[in-house]
Amino acid sequence: MALFGPLFIFCVLCWGLAYYQASGLRWISLLGLSLAIAQWAELLSPPLSYSLGTVLILFTGMFTISPIRRFMVISPLFTVFKKTLPVMSATEREAIEAGDIWWEGELFKGQPDWDKLLALPKPTLTHEELAFLEHEVEHLSVLMNEWQVSHIDLDLPAAVWSYLKEKKFFGMIIPKKYGGLEFSALAHSTIVQKIAVNSFTAAITTMVPNSLGPAELLIQYGTEAQKQYYLPRLASGDEIPCFALTSSTAGSDAGAMIDYGRVCKGEFEGKEIIGIKLTWNKRYITLAPIATVLGLAFKLYDPDKILGKEEELGITLCLIPTSHPGVEIGQRHYPLHQTFMNGPTRGQAVFVPLDWIIGGPKMMGKGWRMLVECLSVGRGISLPALSTASAKICYRATGAYANIRKQFNTSIGKFEGVEEALAKIGGYTYLIEATRLLTLTALDQHIRPSIVTAIAKFHMTEMGRVIVNKAMDVHGGRAIMLGPNNYLAGCYESIPISITVEGANILTRNLIIFGQGAIRCHPFIQSEINAMSHCDPKIGLQDFDKIFFKHVRYSLSNIVKVLTQSLTGGIFCTTPKVSTFRRYYRQLGRMSTALAFVSDFSLIILGGKLKRRERLSARLGDVLSYLYQASAVLKYYYDVGNKNTEEDLAYANWALQTCLYHIQSAFLAFFNNFPNRFVGKLFKVMVFPFGRMYCQPTDSLEHTLARTMMIPSSFRDRLTQHGYLHRKKQSPLNHMDNTLAQMIATTEVSTKLEAAIKNGFIPSIDGMEAKIEQGIEKGILSRTEAETLLTFEKARIEALSVDEFSREQLVRN
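Residues numbered from 1 in each chain as written. Predicted model: local features only at pLDDT ≥ 70, side-chain atom pairs only at ≥ 80, totals over all residues. Heavy atoms only, no water.

K.L.:
Help me understand the overall build of the chain, please; the structure alone is not making it clear to me.
P.N.:
Looking only at helices and strands, the chain features 35 helices and nine strands. Here the C-alpha radius of gyration of the chain, 31 Å, is about what a compact globule of 813 residues would show, namely 28 Å. Counting only C-alpha atoms, the chain reaches 110 × 85 × 45 Å along its principal axes. In the chain, which comprises 813 residues, the share counted as buried stands at 54%. Pairs at least 24 apart in sequence give 76% of the contacts found in the chain among residues at least 6 apart. Total accessible area on the chain is roughly 35600 Å²; 58% of this is exposed by carbon and sulfur atoms. When the 83 basic and 73 acidic side-chain charges of the chain are each reduced to a single mean position, those positions are 7 Å apart. (Helix = DSSP H or I, 4+ residues; strand = E, 2+ residues; numbered from the N terminus. Rg over C-alpha atoms; globule rule 2.2 N^0.38 Å. Buried < 20%, exposed > 50% of the residue type's maximum accessible area, 1.4 Å probe, protein only. Contact = heavy atoms within 4.5 Å. Areas by Shrake-Rupley, 256 points an atom, 1.4 Å probe, with all protein chains shown as cover. Lys, Arg positive; Asp, Glu negative; His and termini not counted. Charge placed at Lys NZ, Arg CZ, Asp CG, Glu CD.)

Structural data, given as structure tokens:
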């Protein structure tokens with residue numbers, strides 16, 4: 001018993017040192033001091049005390065004298081770990097190293113600084129950007145008839161093309177000194193979103209020149225001469241760009257690209273110069289059918305070594321006028337009934353000068369990194385903006401429809417089955433908007449967070465798919481009948497396109513989010529990989545030696561932290577100064593620590609095998625993704641500030657509970673499928689020692705979300721801001737909104753009439769107009785009340801109506 005007290009104190013001190021990643025010197029000091037005290041207090045026998053002292057001295061010498069440490073410890077470990085290192089292609093390495101690490105890095109390492117998150121600037125549009133949304137974008141909607149475009153003309157009207165060019169819609173990202181608008185990422189996203197509310201064709205047409213394409217590449221990497229020539233022309237629309245990356249046999253695997261160029265001598269403008277002879281066959285290229293300038297990705301070779309000793313120079317990017325001899329633009333593709341311009345391009349032995357390489361000859365072979373870095377920006381803006389537009393359309397329209405449409409004399413939104421679908425639409429719309437705004441905050445700080453934008457692209461498009469499907473379910477037949485009055489068909493047709501392009505979602509989830517995140521966000525893995533793959537083994541060993549024990553302290557700390565937080569329910573996790581949602585901050589901090597622990601030891605145990613176990617790594621990617629989305633919700637709620645309402649509180653609770661539930665589900669699926677069953681069970685016990693902790697949102701909470709969608713309010717308008725058009729009064733969406741407002745305004749009168757019918761004063765078999773007339777005759781309704789009710793009834797019938805076509809119209813369409 002005499003040993004119990006000192007031993008307990010010793011264990012607590014060790015626990016503390018491990019928790020705070022204490023240095024080796026502090027560990028040695030603690031062990032030495034503890035041994036000295038034990039010997040002084042005669043807690044240990046002299047032989048045992050001397051033996052432990054000898055071991056401590058040897059241990060200290062082995063780990064503090066570099067040559068001994070490297071020979072006895074580091075070198076054997078270096079050899080073992082090198083064998084487990086995954087094989088990485090040049091394109092994989094470039095993709096992993098591209099972009100920046102931002103908030104996701106703190107979440108991955110289990111060290112989220114919530115005050116730092118909340119201190120990020122609130123996303124705000126400038127007066128110039130707001131004016132553009134309220135005037136130019138609204139006027140564009142007046143010029144557009146999406147049904148005419150997508151089912152009859154199969155192209156934007158000439159007036160719309162002229163307006164897009166005149167108002168520099170294609171130059172939103174181009175700096176003002178080159179004639180562009182130089183709008184923020186927030187403005188770029190919001191403009192695309194608002195255009196998409198009225199026309200996905202116009203939105204995609206506007207989006208592509210401002211996303212992954214020549215303008216972005218020129219701004220970041222172009223020579224000054226290239227910028228001076230092309231950027232003013234791109235901003236004014238005198239040049240229409242497209243960018244050709246996808247080959248007929250290679251998409252996401254850039255290493256398999258079959259398009260190539262050979263350095264050679266050739267004739268250009270009457271002179272013999274050194275240039276590139278290009279051969280390519282690309283497809284799925286948006287704007288290709290009307291492009292005047294083609295951005296092209298290809299593999300560059302120098303077989304005759306004209307430029308130097310290297311034969312394989314790597315992926316390179318060129319800008320080529322489509323009028324250049326040999327450039328072929330194919331006929332149009334027709335992607336899921338969407339009529340934005342898209343088609344193939346080909347070329348056979350097309351000679352171009354070296355100066356047409358984006359950035360000039362010095363950028364030869366650097367094309368893949370250039371593309372990935374630009375994609376990390378565009379991927380966080382364009383497709384998420386389309387998903388946000390779909391979500392806001394579905395939110396407003398479905399909420400209104402669910403109130404207006406009645407079954408058994410009751411609004412269908414009051415049935416619990418419909419209520420469940422409405423809650424999913426509302427909750428995911430809130431999550432989408434929060435995720436969009438946090439991601440754009442990073443981009444507007446000139447950060448290129450490739451993992452964050454991959455998370456945004458994947459989850460926002462997938463949530464968009466759920467929202468659209470739920471909206472289709474609620475609308476029933478109203479949603480599946482095509483025509484000018486169908487406001488959901490465009491959403492339904494466009495969602496698969498967003499899911500497929502700029503990195504298909506299956507690839508994004510299974511390979512990119514955790515695959516890239518594990519290496520980039522882990523504090524030591526990338527440095528260890530670089531050390532083990534160094535061309536000079538001696539230097540690699542020295543670099544590995546500098547990192548290894550830091551990694552050991554990090555791993556030990558993760559064990560102690562995850563046990564501490566799991567056993568105490570996360571009460572020791574840090575929270576910000578704000579008082580709201582402290583429980584959620586603690587639980588998210590706890591799950592962040594669990595991710596750091598599980599990912600670290602999974603990488604140690606599985607090594608390169610984890611790369612091939614895609615479903616396992618995808619689940620850890622899900623954990624990181626939902627941590628990020630929950631962070632976005634907390635930031636969004638904080639930014640709204642004193643404008644927060646009871647609706648905000650309900651929606652934030654729903655979103656945070658949903659994220660925690662999905663984090664838990666992803667972890668449990670990971671543990672249950674871990675190759676080593678014992679380790680998987682050990683992980684589960686350490687992370688969830690008391691079993692499942694998080695539940696899905698309750699029926700009561702979802703009832704609140706559904707009710708909010710069905711009634712006009714400031715919250716509803718704020719959540720769907722820039723998701724509706726003011727000037728296009730006759731649009732089906734605006735009509736549905738106006739009908740809802742009329743329904744709310746006539747509630748008292750409608751209730752009076754319904755009571756009269758129920759009590760038998762008015763026959764229930766007559767039509768509504770006849771009932772209203774009888775209501776006037778019997779003094780139940782005033783003439784004014786009757787007229788108001790008739791106006792609403794006509795609006796209601798029109799809102800619920802679907803389009804009809806003659807055979808001739810269908811054939812023509």
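Next comes the rest of the write-up.
K.L.:
Help me understand a negative patch on the surface, please; the structure alone is not making it clear to me.
P.N.:
On the surface, a cluster of negative charge is contributed by Asp-304, Glu-310, Glu-311 and Glu-312. By the element assignment, Glu-311 lies in the loop between strand E4 (293–301) and strand E5 (312–321). (Patch = residues over 30% accessible without salt bridge, like charges linked within 9 Å, V, L, I, M, F, W, Y side chains within 5 Å. Salt bridge = Lys/Arg side-chain N within 4 Å of Asp/Glu carboxyl O.)

K.L.:
What's the story with the packing of helix H24 (residues 582–606) against helix H28 (residues 677–687) in this structure? I'm lost.
P.N.:
In helix packing, the relevant descriptors are the interaxial angle and the interaxial distance, both defined with respect to the helix axes. Two numbers describe how H24 lies on H28: the axes approach to 11 Å, and their chain directions differ by 160°. Judged by the inter-axis angle, H24 sits roughly antiparallel to H28. Handedness of the H24/H28 crossing: right-handed. The residues of H28 that touch H24, namely those facing Arg-590, Met-591, Ala-594, Phe-597, Val-598, Phe-601, Ser-602 and Ile-605, are Val-679, Phe-683, Met-686 and Val-687. Classifying every residue of the contact of H24 with H28 by side-chain character gives ten nonpolar, one polar and one charged. (Axes fitted to C-alpha atoms, helices over the stretch in contact; angles between N-to-C directions. Parallel < 35°, antiparallel > 145°, perpendicular 65-115°, else oblique. Left-handed = near helix turned anticlockwise from the far one by under 90°. Nonpolar A, V, L, I, M, F, W, Y, C, P; charged D, E, K, R; others polar.)

K.L.:
Honestly, the packing of helix H27 (residues 646–672) against H28 in this entry has me stumped. Any pointers?
P.N.:
In contact at an axis separation of 8 Å, H27 and H28 are set at 150° when each is read in the N-to-C sense. Accordingly, the angle class assigned to the pair H27 and H28 is roughly antiparallel. Note on element contacts: H28 touches H27 through Arg-677, Gly-680, Phe-683, Lys-684 and Val-687, opposite Leu-668, Phe-670, Phe-671 and Asn-672. Here the residues of the contact of H27 with H28 sort into five nonpolar, two polar and two charged.

K.L.:
What's the story with the layout of surface pockets in this structure? I'm lost.
P.N.:
Sizing a probe to match a water molecule and rolling it over the atoms shows the empty space that remains. Here the second largest pocket defines a volume of roughly 690 Å³. Taken together, 28 residues line the second largest pocket, and the ones lying closest to its centre are Lys-406, Asn-409, Met-743, Ser-750 and Glu-754. Counting residues per element, the lining of the second largest pocket draws most heavily on helix H32 (residues 747–758), at seven residues. For the lining of the second largest pocket, the per-class residue count stands at eleven nonpolar, nine polar and eight charged. (1 Å grid on protein atoms, 1.4 Å probe; cavity = no way out; pocket = protein on both sides within 12 Å on 5 of 7 lines; lining within 4 Å. Points joined across faces, edges and corners; volume = space filled by probe spheres on them.)

K.L.:
Before we go on, may I ask you to explain the state of the cysteines in this structure?
P.N.:
Linking two cysteines covalently via their sulfur atoms produces the bond known as a disulfide. Following the criterion strictly, the structure yields zero disulfides and no others. No disulfide involves Cys-491; its sulfur sits 4.7 Å from that of Cys-394, the nearest cysteine. (Disulfide = S-S within 2.5 Å.)

K.L.:
Please explain the side chain of Ser-631 as it appears in this structure.
P.N.:
Relative to the assigned elements, Ser-631 resides in helix H26 (residues 614–640). Owing to a relative accessible area of 0%, Ser-631 belongs among the buried residues under this scheme.

K.L.:
Before we go on, may I ask you to explain the pattern of salt bridges in this structure?
P.N.:
Charged atoms that come close allow side chains of opposite charge to pair. Evaluated as defined, the whole model comprises 22 salt bridges. Glu-166 is the salt-bridge partner of Lys-167, the closest N and O atoms lying 3.8 Å from each other. A residue is classified by how much of its surface remains accessible, and Lys-167, at 27% relative accessible area, is partly exposed. Classification of Glu-166 by relative accessible area gives exposed; the value is 54%. Lys-392 is paired through a salt bridge with Glu-433; the nearest N and O atoms lie 3.3 Å apart. Linking Lys-392 in helix H16 (residues 382–404) with Glu-433 in helix H17 (residues 416–444), this pair joins segments that are 41 residues apart in sequence. Of the residues examined, Glu-433 reaches a relative accessible area of 5% and is grouped as buried. Here the salt bridges do not stand alone but share partners, grouping Arg-396, Arg-716, Asp-717 and Asp-737 into one network.

K.L.:
How should the nonpolar core be read in this particular structure?
P.N.:
Soluble globular proteins tend to bury their nonpolar side chains together. Of all hydrophobic cores here, the largest spans 218 residues; its most connected members are Tyr-430 and Phe-667. Ranked by residue count, the leading element in this core is H17, at 15 residues. When sequence neighbours within four positions are dropped, the list of residues in contact with Phe-667 reads Met-591, Ala-594, Leu-595, Val-598, Leu-620, Val-623 and Phe-688. Formed by eleven residues, the second largest nonpolar core is a distinct cluster that contains Ala-756, Ile-757, Ile-776 and Ala-786. (Core = buried A, V, L, I, M, F, W, Y, C linked by side-chain atoms within 4.5 Å.)

K.L.:
Which parts of the structure should I look at to understand helix H21 (residues 505–521)?
P.N.:
Since one α-helical turn is 3.6 residues long, residues separated by three or four positions face the same way. Here H21 is 17 residues long, yet its end C-alpha atoms lie only 21 Å apart, well below the 24 Å a rise of 1.5 Å per residue gives. Along its length, H21 shows its largest kink, about 30°, at Ile-512. With twelve of 17 residues buried, H21 lies mostly within the body of the structure. By the burial criterion, the buried members of H21 are Asn-505, Thr-508, Asn-510, Ile-512, Ile-513, Phe-514, Gln-516, Gly-517, Ala-518, Ile-519, Arg-520 and Cys-521. (Expected span 1.5 Å × (residues − 1). Bend = angle between axes of the 7 residues up to and from the residue.)

K.L.:
I would appreciate a short explanation of the pairing of E4 in the present structure.
P.N.:
Every other side chain in a regular strand lies on the same face of the sheet, so the side chains alternate between the two faces. Taking burial as the measure, the nine residues of E4 include eight buried ones, the bulk of the element. Where strand E1 (residues 241–244) lies against E4, four bridges are found, and the strand directions are parallel. Residue pairing in the sheet places Ala-244 in a bridge with Leu-296 of E4. Examined bridge by bridge, strand E2 (residues 260–268) and E4 share three bridges and lie parallel to one another. In the strand pairing of E4, Tyr-260 is matched with Lys-299. (Pairing = 2+ DSSP bridges.)

K.L.:
What should I look at first to understand the packing of aromatic side chains in this one?
P.N.:
Each aromatic ring pair is summarised here by two numbers: the centre-to-centre distance and the angle between the ring planes. Applying the stated criterion to the full structure yields 31 aromatic pairs. A cation over an aromatic ring shows up here: Arg-233 above the ring of Tyr-229, its NZ or CZ 3.9 Å from the ring centre. Between the NZ or CZ atom of Lys-561 and the centre of the ring of Tyr-19, over which it lies, the distance is 5.6 Å. (Phe/Tyr/Trp six-rings, centres within 6.5 Å; stacked < 30°, edge-to-face > 60°. Lys NZ or Arg CZ within 6 Å of the ring centre and 35° of its normal.)

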